Number of protein chains: 2
Amino acid sequence: MDTGISPGSVGIVTPQTAKFSEPVRLKCGAAVDEYELVYETYGTLNAGRTNAVLACHALNAAHHVAGHYADDPDNVGWWDNMIGPGKPVDTNRFFVVGVNNLGGCHGSTGPKSINPKTGKPWGSDFPVVTVEDWVATQARLADYLGIGRFAAVMGGSLGAMQALQWAVSYPQRVRHALLIACTPNLSAQNIAFNEVARQAIITDPDFHGGHYYEHHARPTRGLRVARMVGHITYLSDDEMASKFGRQLKHGRIQYSFEPEFEIESYLRHQGRRFSEYFDANTYLRITKVLDYFDPAFEHGGDLARALAPAAAGFLVISFTTDWRFSSERSREIVKALLHNRRDVTYAEIDAPHGHDAFLLDDARYHRLVAAYFDRIGVDVAV
Amino acid sequence: MDTGISPGSVGIVTPQTAKFSEPVRLKCGAAVDEYELVYETYGTLNAGRTNAVLACHALNAAHHVAGHYADDPDNVGWWDNMIGPGKPVDTNRFFVVGVNNLGGCHGSTGPKSINPKTGKPWGSDFPVVTVEDWVATQARLADYLGIGRFAAVMGGSLGAMQALQWAVSYPQRVRHALLIACTPNLSAQNIAFNEVARQAIITDPDFHGGHYYEHHARPTRGLRVARMVGHITYLSDDEMASKFGRQLKHGRIQYSFEPEFEIESYLRHQGRRFSEYFDANTYLRITKVLDYFDPAFEHGGDLARALAPAAAGFLVISFTTDWRFSSERSREIVKALLHNRRDVTYAEIDAPHGHDAFLLDDARYHRLVAAYFDRIGVDVAV
């Protein structure tokens, strides 16, 4: 039977929920007394518990990293090309965990969850979270799952920031950290694009100061614009040129404000689709998580000092056409790690796809990740 | 007396209005039966009428190119550093004309003008204009002013597109064309950013389908976001990094959605200021003017063939850090002109400021323009 799923798929997966009743104190000063994290796992945790891999999600993804759902076979995990039997992260060898982060909108406790203190959705009262907070709550999930030490923590973009933070916050719990399309912090330009997205959402009259759930409204106009501007920064100029160029939608110019060029249709479609499933309060918070990440900040800007606690081996990968988090930024991380005499493999992949390359099935990139995982022993004492 | 105005200023200037009652047929097919263009002039048209220079404005500027107003001395023209006595475009030698283009919002007939057919503001009924339309109406202004042939037509960004179009549409009326920070057409990425801006405006509930004047409303929320996203593309990543970096507004992180970083304050300020004085319908149309400009389109993509009619001498200047209209795009124009054996001077200026460099007082850039104008004779038969 042709299931339409590639032979290397982990197949049908089922999200699970972990409940935590011990309060978590966040970096912003607020605490969340109790919360749930939704997660998925692929493969089997071995007897020695030495083969666990944490795959951290970026801005718009969640715990559904690989496989598909029985009742929704088209809903394939965001890193399904990377994780599965015989894939670069081989689930015949590794036990992979995906988790929707705190503040998310895919099942984990977040702004659209009920605040037990008020009986209403948290909305804008949900606190601002950070990469450090996410890593702390992921560590609790690891405890819950009986994982003392991860063979690897990995992610792309914002996911890579979490992998880096894991190596710093819990050096004894991470054997390897894979940082793909990462940056040690956002540039002014990165922050600027995030702020445009936030202003589009916050100034949407349907935002209602973040309490739109109670108004039975959703700031979809703002979310659409936010996603459109974000999407531009995920693709390279070249990729857009070769995919869309100045291709007209109707063969000739219409002189109207309806989409004239294919790129306009594409962007509007992306914005619309995103606004249908993503929660605006979560989007606002995740852009803040990105803005705030800056391990060197509390060390006078000295990244090497900030990363000094890290004991993991590192694979750092950047993409030549990524103008959002350029290779130059990855090299800052590599330099800081080398300064600390850490074991670092660095590769700059010549790929046309821009920042989104970390999600795509580029042969050189995947071979590199596969080779790195081949080296990771799972029959070791931890 | 210290007037606060540099010695090279043209001093107090007064906008004037030219009325045109012969209909103009636009590229979109619509016609505007009568219209006004507001303009300013600096210097004196010589007896031979050989010293006229047209300075074309870009997205957010207008006819006020140099000098200041008697009742508003802080309102200095947008290219005041370029144009004035002893400046690169020396008004002791040249007679410079600035004009607010058709569809504008600074006095020339545009969407906020009264449509004589309805007695109400045009609003969204004002037709979509193009660079070709602007150049055609500028040519009528030249007729009105008694200028048969310009010594030079010049502009930066969208202004440069007009200068290029002048050279093609009226080869006998342009002795020199100065194209600064130009492109032969917008890339998919350029169009994408424009579309984000348009969607921000059009989806603002205060837009009222473009007839907001009648609702005594203005889509300022949308305009603010539109300007913010535009502004990011005018600056280079490096310039933003050196000007703002990750500098905090309050010295420490506040964990709030108020501006945390200086870049956020700056962008919000730019957006707010712009939304106070600029008309949304004009902004929409000007982004379309940019999108549509593509002289090669009607020549099967062959730019050299499109530019074949041009007879002017050309000065083409690009800036290394301009990622909006990169040097590569200027070189396409240079190549096409050289293919046609035109007289072209090309310079790529190593400037940190990004696209906005064309507005700034960079010594190498200004020396180059000054040297080029020194070569332009004004005592010639035309």
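What counts, and where the lines are drawn
- Residues numbered from 1 in each chain as written.
- Chains lettered and ligands numbered in written order.
- Predicted model: local features only at pLDDT ≥ 70, side-chain atom pairs only at ≥ 80, totals over all residues.
- Heavy atoms only, no water.
- Helix = DSSP H or I, 4+ residues; strand = E, 2+ residues; numbered from the N terminus.
- Rg over C-alpha atoms; globule rule 2.2 N^0.38 Å.
- Contact = heavy atoms within 4.5 Å.
- Areas by Shrake-Rupley, 256 points an atom, 1.4 Å probe, with all protein chains shown as cover.
- Lys, Arg positive; Asp, Glu negative; His and termini not counted.
- Charge placed at Lys NZ, Arg CZ, Asp CG, Glu CD.
- Least-squares fit on C-alpha atoms with pLDDT ≥ 70 in both.
- Pairing = 2+ DSSP bridges.
- Axes fitted to C-alpha atoms, helices over the stretch in contact; angles between N-to-C directions.
- Buried < 20%, exposed > 50% of the residue type's maximum accessible area, 1.4 Å probe, protein only.
- Salt bridge = Lys/Arg side-chain N within 4 Å of Asp/Glu carboxyl O.
- Expected span 1.5 Å × (residues − 1).
- pLDDT = per-residue confidence, 0-100.

1. So, the overall build of chain A
Line of reasoning, step 1. Scanning chain A from terminus to terminus reveals ten helices and 14 strands.
Line of reasoning, step 2. Taking 382 residues into account, the globule formula puts the C-alpha radius of gyration at 21 Å, and chain A, at 21 Å, falls close to it.
Line of reasoning, step 3. Counting only C-alpha atoms and orienting by the principal axes, one finds that chain A spans roughly 65 × 55 × 50 Å.
Line of reasoning, step 4. A separation of at least 24 residues holds for 72% of the contacts in chain A among residues at least 6 apart in sequence.
Line of reasoning, step 5. For chain A, the exposed surface amounts to about 14,200 Å²; the carbon and sulfur share of it is 49%.
Line of reasoning, step 6. Each charge sign in chain A was given a centre, from 37 positive and 43 negative side chains, and these centres are 3 Å apart.

2. Thoughts on the relation of the copies chain B and chain A
Line of reasoning, step 1. Structural alignment of chain B on chain A gives an RMSD of 0.0 Å, achieved by rotating through 180 degrees and translating 0.0 Å along the axis. Here the copies are linked by what is in effect a two-fold axis.
Line of reasoning, step 2. With an isologous cut-off of 70% or more, the 100% of interface residues of chain B that recur at the interface of chain A puts this contact in the isologous class.

3. As for the sheet that holds strand S4 (residues 35–42) of chain B
Residue and element names in this part refer to chain B.
Line of reasoning, step 1. What the eight strands build is an open sheet, ordered S1-S4-S8-S5-S11-S12-S13-S14; its pairing is mixed. Pairing within the sheet leaves two strands with one partner each, and these edge strands are strand S1 (16–20) and strand S14 (344–349). Direction aside, neighbouring strands of the sheet carry axes that sit 20 degrees apart on average.
Line of reasoning, step 2. With four bridges joining them, strand S5 (residues 52–56) and strand S11 (residues 152–156) adopt parallel strand pairing. What sits directly across from Leu54, in S11, is Val153.
Line of reasoning, step 3. Seen against the sheet, helix H1 (residues 131–145) touches S1, S4, S5 and strand S8 (95–99) and runs at an angle of roughly 60 degrees to S4.

4. Side note on the sheet that holds strand S4 (residues 35–42) of chain A
All names here are of chain A.
Line of reasoning, step 1. Spatially, eight strands are ordered S1-S4-S8-S5-S11-S12-S13-S14 in an open sheet, and the strand pairing comes out mixed. Two strands bound the open sheet, and with one partner strand each, they are strand S1 (16–20) and strand S14 (344–349). Shown here is a sheet whose adjacent strand axes are inclined to one another by a mean of 20 degrees, direction ignored.
Line of reasoning, step 2. Relative to strand S12 (residues 176–180), strand S11 (residues 152–156) runs parallel, the two being bridged by four bridges. The residue bridging Gly156 from the neighbouring strand is Ile180, located in S12.
Line of reasoning, step 3. Contacting S1, S4, strand S5 (52–56) and strand S8 (95–99), helix H1 (residues 131–145) runs over the sheet at an angle of about 60 degrees to S4.

5. Description of the pairing of S4 of chain A
In the case of a regular strand, side chains alternate between the two sheet surfaces.
Residues and elements named next belong to chain A.
Line of reasoning, step 1. Buried residues dominate S4, accounting for six of its eight residues.
Line of reasoning, step 2. Sheet topology note: the S1/S4 ladder contains five bridges and is antiparallel. Bridge pairing links Gln16 to Tyr39 in S4.
Line of reasoning, step 3. In terms of strand pairing, S4 meets S8 through four bridges, oriented antiparallel. Its bridge partner being in S8, Tyr39 is matched across the sheet by Val99.

6. Notes on the pattern of salt bridges
Line of reasoning, step 1. Summed over all chains, the structure comprises 36 salt bridges over all chains.
Line of reasoning, step 2. The partner of Asp204 of chain B in a salt bridge is Arg221 of chain B, and the shortest N-O contact between them spans 3.1 Å. Taken together, the residues Asp204 of chain B in the loop between helix H3 (188–202) and helix H4 (220–234) and Arg221 of chain B in helix H4 connect sequence positions 17 residues apart.
Line of reasoning, step 3. Owing to a relative accessible area of 5%, Asp204 of chain B belongs among the buried residues under this scheme.
Line of reasoning, step 4. When salt bridges that share partners are traced, they join Glu195, Arg198, Lys288 and Asp291 of chain A together with Glu264 and Arg268 of chain B into one network.

7. What to know about H3 of chain B
Line of reasoning, step 1. Here H3 of chain B is 15 residues long and its end C-alpha atoms lie 20 Å apart, about the 21 Å a rise of 1.5 Å per residue gives.
Line of reasoning, step 2. Here H3 of chain B lies mainly inside the structure; 14 of its 15 residues are buried.

8. Remarks on the confidence of the model for chain A
All names here are of chain A.
Line of reasoning, step 1. Residues at a pLDDT of 70 or more form 97% of chain A, whose mean pLDDT is 96.
Line of reasoning, step 2. Predicted confidence for residues 1–5 stays below pLDDT 50, and this span has two contacts to residues more than four positions away or in other chains.
Line of reasoning, step 3. Across the assembled chains, the prediction reports ipTM 0.95 with pTM 0.96.

9. Some words on the pairing of S8 of chain A
All names here are of chain A.
Line of reasoning, step 1. Most of S8 sits out of view: five of its five residues are buried.
Line of reasoning, step 2. Burial along S8 is two-sided: Phe95, Val97 and Val99 facing one way and Val96 and Gly98 facing the other are all buried.
Line of reasoning, step 3. By the bridge criterion, four bridges tie S5 to S8 in an arrangement that is parallel. Residue Val53 lies in a different strand from S8, and its bridge partner there is Val96.

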